[in-house]
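Descriptive structure summary
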Amino acid sequence: MDRTEPRRAGVTEPAFAAAAVAARDGYGRLLALLAAADGDLAAAEDALGDALERALLTWPERGVPANPEAWLLTVARNRQRDRWKSAEARHTEALDVAGLERTRAVAVLDDVDPDAVPDKRLELMLVCAHPAISRAVRTPLMLNTVLGFTAAQIAGAFSVPTATMATRLVRAKRRIKEVRLPFRIPDRSHLPDRMTALLEAVYGAYAIEWSTASSDPRPLPPEALQLAEILAALVPEDPEVRGLAALVLLSAARAPARRDDGGGFVPLDRQDPRRWDATLIERAHAHLRAAHARGSVGRFQLEAAIQAVHCARRPGDRTDWAALKPLHEGLHRLAPSQGSAVALAAVVGETDGPAAGLALLDEAAEETRRFQPAWATRAHLLARLGRREDAVAAYEKAITLTHDVAERDFLLARRSAVAESPAARRKP
């Protein structure tokens, strides 16, 4: 039958969509289960890739299975069995006692429900954070193998060429196999040494997904939300773990208000608080209270506190910029970055006037020259100062750096408003 035949569309599209969801939401879980058998991440990725290819070929014909992730796990596991039995594997892999346990490991997987073992992802993340792995690649490796981001997405977040990041990831995966790093939760005495990389990975997933939403966005990666809560349960006494959980929850709570009914982008200070998820906000506050009780302040706690101030706004109220200013100042002192510099400039532009905000942006101009939020903020401040031509140029630069279609449309509208109606600009 011709695959392009119209009457197949109703069958093919749901099958492809189901495969995409399974790959997107279950990739880290499945990869952790597959790689745990022998520590070979690259081979596990190959096996899972083959399973996804099989799904695209068979699900349109036979229908989507009741449990797509379990189906993928079974097919990928069979691919592993074939590899382990192959003549190539017998002749090229060194004999080791641990290898004799593979059959037992696979037998255990026969009864595994991939939805019931979220900690397997945490085990894989801790493997990626092992001291034998270069510190510089630990977080990118977690983002790639557990949370499913591409080398290009991670390279963009770390401001390095895609080819460079891809090479680092390949070498790190090879290292895991060579050293035969164990897939297990380490003794709690070793957790602090690896916790920083874990938190950075969860935060990185949150930041990448939040800043690159598509026209059909997935507001936050399920793994980031789930792993933040898992880490908080594992080490509830760590205030920064609690702070990160609160930060991710507060961001997730605002996700429904990021788009209007027509799909248009809505800036945070214009969002309708009635569309925010009160349950997620309350869970976040519980984490913040627990973090505050520990008596120390860290980066993620400050970021969560900033989000909590935004989420405290009631319908019809203005953002409490005065409360936000000291929090942003503290964050930029404690953990200076492109993002903290631009956010502080934006807040100062509201509390002390656009000229003061623009002065702070100028101080960070060299580091933020390719940072989209810096140009969008600059354009807004220039427009408030009445510098129409400079504002239009800044908007144009921000637009070229924007990947979100809805946000690009929003910036185009703002640019047009400044260019065509200078008298309607906001006065300083």
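Read on for an overview of the structure. Along each chain, numbering runs from 1 in the same order as the chain's sequence is written. Residues qualify for local features only when their pLDDT is at least 70, as the model is predicted, and side-chain atom pairs are given and counted only at 80 or more; totals for whole chains, interfaces and linings, by contrast, use all residues. With hydrogens and water excluded, all non-hydrogen atoms of the structure serve as input to the side-chain values.

1. Remarks on helix H19 (residues 388-400)
Formally: The numbering of helices and of strands both runs from the N terminus, where a helix is a DSSP run of H or I of at least 4 residues and a strand a run of E of at least 2. To estimate the expected span of a helix, subtract one from its residue number and multiply by 1.5 Å. Each residue is assigned to one of three classes by its accessible area relative to the maximum for its type, calculated with a 1.4 Å probe on protein chains only: buried under 20%, partly exposed between the two thresholds, exposed over 50%. Directions pointing from the helix axis toward each C-beta atom define the arc.
Between the first and last C-alpha of H19 there are 19 Å, a value that for 13 residues agrees with the 18 Å anticipated at 1.5 Å per step. All of the buried residues in H19 are Ala-391, Val-392, Ala-394, Tyr-395, Ala-398 and Ile-399. Down the axis, H19 shows its buried residues gathered within 165 degrees of arc, on one side only. Counted as exposed and oriented over 90 degrees from the buried face of H19: Glu-389 and Thr-400.

2. Examining the packing of helix H12 (residues 239-254) against helix H14 (residues 299-311)
In plain terms, the rule: Comment: axis = line fitted to C-alpha atoms, over the contacting stretch for helices; angle = value between 0 and 180 degrees taken between N-to-C directions. Any angle from 65 to 115 degrees is called roughly perpendicular, while one under 35 is roughly parallel, one over 145 is roughly antiparallel, and all others are oblique. Crossings are sorted by hand: turned counterclockwise from the far helix by less than a right angle, the near helix makes the crossing left-handed, and turned clockwise it makes it right-handed. By definition in these notes, contact holds between two residues if any of their heavy atoms fall within 4.5 Å. For this scheme, ten residues count as nonpolar: Ala, Val, Leu, Ile, Met, Phe, Trp, Tyr, Cys and Pro. Four count as charged, namely Asp, Glu, Lys and Arg, and the remainder, Gly too, count as polar.
Between H12 and H14, whose axes approach to 7 Å, the crossing angle comes to 30 degrees. With respect to each other, H12 and H14 are oriented roughly parallel. As for the relative orientation of H12 and H14, their crossing is left-handed in sense. Facing H12, whose interface residues are Pro-239, Glu-240, Gly-243, Leu-244, Ala-246, Leu-247, Leu-250 and Arg-254, H14 presents Arg-299, Phe-300, Gln-301, Glu-303, Ala-304, Gln-307, Ala-308 and Cys-311. In terms of residue class, the contact of H12 with H14 is built from nine nonpolar, three polar and four charged.

3. So, the nonpolar core
Note the cut-off: Only buried Ala, Val, Leu, Ile, Met, Phe, Trp, Tyr and Cys residues count toward a nonpolar core, and they belong to the same one when joined by side-chain atoms within 4.5 Å.
Membership of the largest hydrophobic core comes to 85 residues, with the highest contact counts inside it found for Leu-198 and Val-202. If you look at the next biggest cluster of nonpolar residues, it comprises 21 residues, including Ala-376, Leu-381, Val-392 and Ala-406.

4. Here we look at the environment of Glu-389
Relative to the assigned elements, Glu-389 resides in helix H19. Through-space distance from the C-alpha of Glu-389 to that of Val-418 is 8.6 Å; in sequence the pair is 29 residues apart.

5. Describing the packing of aromatic side chains
Put simply, the rule is: Pairing of aromatic rings covers Phe, Tyr and Trp, the last through its six-membered ring, and needs centres within 6.5 Å; plane angles under 30 degrees mean stacked, over 60 mean edge-to-face, and all others mean tilted. Only Lys NZ and Arg CZ are tested; either one counts as a charge over a ring when it is within 6 Å of the ring centre and within 35 degrees of the ring normal.
One pass over the structure, following the stated rule, counts three aromatic pairs. Relative to Phe-300, the ring of Tyr-203 lies with its centre 5.4 Å away and its plane at 50 degrees, an arrangement referred to as tilted. Of the two residues, Tyr-203 sits in helix H10 (residues 191-211) while Phe-300 sits in helix H14, which places them 97 residues apart along the sequence. The exposure class of Tyr-203 is buried, given its relative accessible area of 16%. Residue Phe-300 is classed as buried on the basis of its relative accessible area of 4%. An angle of 70 degrees between the planes, with centres 5.3 Å apart, marks the rings of Phe-265 and Phe-410 as edge-to-face. On the criterion of sequence distance, the pair formed by Phe-265 in the loop between H12 and helix H13 (278-292) and Phe-410 in helix H20 (residues 405-420) is long-range, its members being 145 residues apart. Of the two residues, Phe-265 and Phe-410, both sit in the buried class. One residue, Arg-378, lies across the ring of Trp-375, its end atom 6.0 Å from the ring centre.

These figures come from the coordinates and say nothing about function on their own.
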